[in-house]
Amino acid sequence: MLRRTFQEIPHSVEVKVDEIDDRGAVTIVRALVWVEAESQKGILIGTGGRMIKAVGTAARKELERELGTRVHLELSVRVRRGWRGDEALLDRLGIE
């Protein structure tokens, strides 16, 4: 995500993997991407979904190399204003 949007969204994005489901021939990964503003969500999704598709494809290929299996990656982008200042959320995300 940050490799493709490093100028637009330097530190306002967090990716949380919600589920990893190993089904033998394929591993399903569901992840939630948090941003702080609607404009950031628009940047991450991109025109016609091009950015999120490119990010997802690159991430999926990297995961397949690491896991040694086919991967189906599902990404969702959500806005939560001020998430970086929400201590309870940071704890749940495992961020110190």
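Residues numbered from 1 in each chain as written. Predicted model: local features only at pLDDT ≥ 70, side-chain atom pairs only at ≥ 80, totals over all residues. Heavy atoms only, no water.

A. Representation of helix α3 (residues 50-67) in the model. Helix length check: α3, at 18 residues, gives a terminal C-alpha distance of 25 Å against a target of 26 Å (1.5 Å per residue), a fit within 8%. Within the span of α3, buried status applies to Ile52, Val55 and Gly56. Taken end-on, α3 shows its buried residues confined to a sector of 95°, consistent with a single buried face. Turned more than 90 degrees from where α3 packs its buried face, Arg50, Lys53 and Arg65 sit exposed. The positive-phi residue at the C-terminal boundary of α3 is Gly68, with phi of around 70°. (Helix = DSSP H or I, 4+ residues; strand = E, 2+ residues; numbered from the N terminus. Expected span 1.5 Å × (residues − 1). Buried < 20%, exposed > 50% of the residue type's maximum accessible area, 1.4 Å probe, protein only. Arc of directions from axis to C-beta.)

B. Quick peek at the packing of helix α2 (residues 38-45) against α3. Running from N to C, α2 and α3 cross one another at 60°; their axes reach a closest spacing of 5 Å. Across from Ile43, Leu44 and Ile45 in α2, the residues of α3 making contact are Arg50, Met51 and Ile52. Class assignment of the residues belonging to the contact of α2 with α3 gives a composition of five nonpolar, no polar and one charged. (Axes fitted to C-alpha atoms, helices over the stretch in contact; angles between N-to-C directions. Contact = heavy atoms within 4.5 Å. Nonpolar A, V, L, I, M, F, W, Y, C, P; charged D, E, K, R; others polar.)

C. Seen up close, the sheet that holds strand β3 (residues 70-79). If you walk across this open sheet you meet the three strands as β1-β2-β3, and the pairing is mixed. Unpaired on one side and paired on the other, β1 (13-22) and β3 mark the two borders of the sheet. On average, each strand axis in the sheet is inclined to that of its neighbour by 20°, with strand direction left out of account. The pairing of strand β2 (residues 26-35) with β3 spans ten bridges and is parallel. Note that in β3 the partner of Ile28 across the bridge is His72. Packing of α2 onto the sheet brings it into contact with β1, β2 and β3, and relative to β3 it is tilted by some 155°. Across the face of the sheet, α3 comes into contact with β2 and β3 while running at roughly 140° to β3. (Pairing = 2+ DSSP bridges.)

D. Spatial organisation of the pattern of salt bridges. Scanning the entire structure with this criterion turns up five salt bridges. Put simply, Lys16 and Asp18 hold a salt bridge, and the shortest N to O gap is 3.0 Å. For Arg23, the salt bridge is made with Asp21, and the minimal N-O distance between the two is 2.8 Å. Where salt bridges share partners, they join Glu19, Arg30 and Glu74 into one cluster. (Salt bridge = Lys/Arg side-chain N within 4 Å of Asp/Glu carboxyl O.)

E. Just the pairing of β1, in detail. Note: β1 against β2, nine bridges, orientation antiparallel. Pairing of Val17 across the sheet is with Ala31, part of β2. Two successive antiparallel strands, β1 and β2, enclose a turn made up of three residues, where Gly24 displays a positive phi of approximately 85°.

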